[in-house]
Amino acid sequence: MERTMEMYLEEKKQFIDNALKKYMQALQVPPALKQSMTYSVEAGGKRLRPILLLASYEAFQKDITVALSSAAALEMIHTYSLIHDDLPAMDDDDYRRGKLTNHKAFSEATAVLAGDALLTYSFEIISKDDKLTAVQKAELIALLAESSGPKGMVAGQILDMEAEDKAITLQELERVHTLKTGELLRYAVYAGAYLGGATEEQLHALQLFASYLGLIFQVQDDILDVTGDELKLGKPVGSDALNLKSTYPKLLGIDGAIEKKEQYLLKAKESLQAAGIENSNLMDLAIYFGQRDY
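This section reports on the structure supplied with the text.

Thresholds, definitions, all that
Residues numbered from 1 in each chain as written. Predicted model: local features only at pLDDT ≥ 70, side-chain atom pairs only at ≥ 80, totals over all residues. Heavy atoms only, no water. Helix = DSSP H or I, 4+ residues; strand = E, 2+ residues; numbered from the N terminus. Rg over C-alpha atoms; globule rule 2.2 N^0.38 Å. Buried < 20%, exposed > 50% of the residue type's maximum accessible area, 1.4 Å probe, protein only. Contact = heavy atoms within 4.5 Å. Areas by Shrake-Rupley, 256 points an atom, 1.4 Å probe, with all protein chains shown as cover. Lys, Arg positive; Asp, Glu negative; His and termini not counted. Charge placed at Lys NZ, Arg CZ, Asp CG, Glu CD. Core = buried A, V, L, I, M, F, W, Y, C linked by side-chain atoms within 4.5 Å. Salt bridge = Lys/Arg side-chain N within 4 Å of Asp/Glu carboxyl O. Polar contact = N/O pair within 3.5 Å; in protein donor to acceptor, adjacent residues only side chain to side chain. Phe/Tyr/Trp six-rings, centres within 6.5 Å; stacked < 30°, edge-to-face > 60°.

1. Overview of the overall build of the protein chain
- Within the protein chain one finds 15 helices and two strands.
- What you see for the protein chain is a C-alpha radius of gyration of 18 Å, in line with the 19 Å of a compact globule of 294 residues.
- Overall, the C-alpha framework of the protein chain stretches about 50 × 50 × 35 Å when taken along its three principal axes.
- Out of the 294 residues belonging to the protein chain, those deemed buried represent 52%.
- Once local pairs closer than 6 in sequence are excluded, the contacts in the protein chain between residues at least 24 apart make up 74%.
- Roughly 13,400 Å² of accessible area belongs to the protein chain as shown, and the carbon and sulfur atoms make up 53% of that amount.
- Between the centroid of the 31 positive side chains of the protein chain and the centroid of its 44 negative side chains there is a distance of 4 Å.

2. Observations concerning the nonpolar core
- The biggest cluster of nonpolar side chains holds 81 residues, and the ones touching the most others in it are Leu-53, Tyr-187, Leu-206, Phe-209 and Phe-289.
- Among the elements that take part in this core, helix 11 (residues 200-227) stands out by supplying 11 residues, more than any other.
- Once residues within four sequence positions are removed from consideration, Tyr-187 is found in contact with Leu-53, Ser-70, Leu-74, Ile-126, Leu-140, Leu-143, Leu-144, Ser-147 and Gly-192.

3. Focus: the pattern of salt bridges
- Counted according to the given criterion, the structure contains 13 salt bridges.
- In this structure, Lys-104 engages Asp-94 in a salt bridge whose closest nitrogen and oxygen atoms are separated by 3.7 Å. One end of the pair, Lys-104, is in helix 5 (residues 102-105); the other, Asp-94, is in the loop between helix 4 (68-85) and strand 1 (95-96), with 10 residues separating them in the sequence.
- Among the residues examined, Lys-104 registers a relative accessible area of 44% and is labelled partly exposed.
- By relative accessible area, which is 36% here, Asp-94 ends up partly exposed.
- Two residues, Glu-183 and Arg-186, come together in a salt bridge whose shortest N-O distance is 2.9 Å. Of this pair, Glu-183 and Arg-186 both sit in helix 10 (residues 182-196), separated by three residues, roughly a single helical turn. Per residue, the accessibility class of Glu-183 equals that of Arg-186, and both read buried.
- When salt bridges with common partners are traced through the structure, they connect Lys-13, Asp-17, Arg-47, Glu-75 and Arg-97 into a single cluster.

4. What about the side chain of Thr-38?
- Examined against the element boundaries, Thr-38 turns out to sit in helix 2 (residues 31-41).
- The exposure class of Thr-38 is buried, given its relative accessible area of 17%.
- A polar contact of 2.7 Å, which involves the side chain of Thr-38, links it to the backbone oxygen of Lys-34.

5. What about the packing of aromatic side chains?
- Scanning all chains against the criterion turns up four aromatic pairs.
- Look at Phe-217 and Phe-289: their rings are 5.4 Å apart centre to centre, the planes differ by 65°, and that puts the pair in the edge-to-face class. With Phe-217 in helix 11 and Phe-289 in helix 15 (residues 281-291), this residue pair connects regions lying 72 residues apart in the sequence. The two residues Phe-217 and Phe-289 agree in class, both being buried.

6. Notes on the environment of Lys-180
- Looking at the element boundaries, Lys-180 is found in helix 9 (residues 170-180).
- Taking the C-alpha atoms as reference points, Lys-180 and Ser-147, separated by 33 residues in sequence, lie 9.2 Å from one another.
- The residues touching Lys-180, leaving out its near neighbours within four places in the chain, are Gly-152, Met-153, Gly-156, Gln-157 and Asp-160.
- There is a polar contact of 2.7 Å between the side chain of Lys-180 and the side chain of Asp-160.

7. Some points on helix 8 (residues 153-162)
- Among the residues making up helix 8, those that are buried are Met-153, Ala-155, Gly-156, Gln-157 and Asp-160.
- Buried-residue contacts for helix 8 involve helix 4, helix 7 (134-148), helix 9 and helix 10.

This is the structure we're talking about:
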């Protein structure tokens, strides 16, 4: 499974990278802004969120070009969030994916604007996709705005900040990460399945799958911040402890965090079985999310 999944991930990553490059080249904007935006979009990364969207679509249909603008938009949203997360007012990080963070490579003001631009450009590319109907565009844009905005990722980010240097419960930690990480993963799974023609019952089951997938992803992220290889991660380990963040290892210990991750994985599998697509690439991706080392 591992080698096959690695091949699948690389194939889809190249597909998404090419699409992102095309979208960035099409921009007619001030050179300094375009350079800053492109710097972070093309800085690397695994492209797991857009790959997840394509895998969800492929569980129902084959022509993934229909889902491409949604996948690219999702990666732009994710990239904008990383640019802003790294700012001095947030996590104050110097490196991202083994390169200087955007505000270090350019300036703090430019980084803020590059993030703003990627956020809004994501909605533009969906709205102008001639492969999508007007109804599909409205549904996708509304969901992406909800998942990334004050009810989703941004809500999770501020709850995460408020939890620093505080003792919080496991339930509170799950809520933080369901919003901060899980909402964009929920968009990925839902958008792909929606475009693929999934039924309402399947969409409901897949939203549960996405919720557990987000928690699996975050538990592994927390574990890697304690035990990971800095060269593979492209950033220093131990930043969560340094920033006094609440994490699964902090609450449960490393062994407890691993056990909790396995519980989430079982729930994710049950959700895929309820949707009738347990043999799709989505299950292999869930396993990969929980075993990745960078």
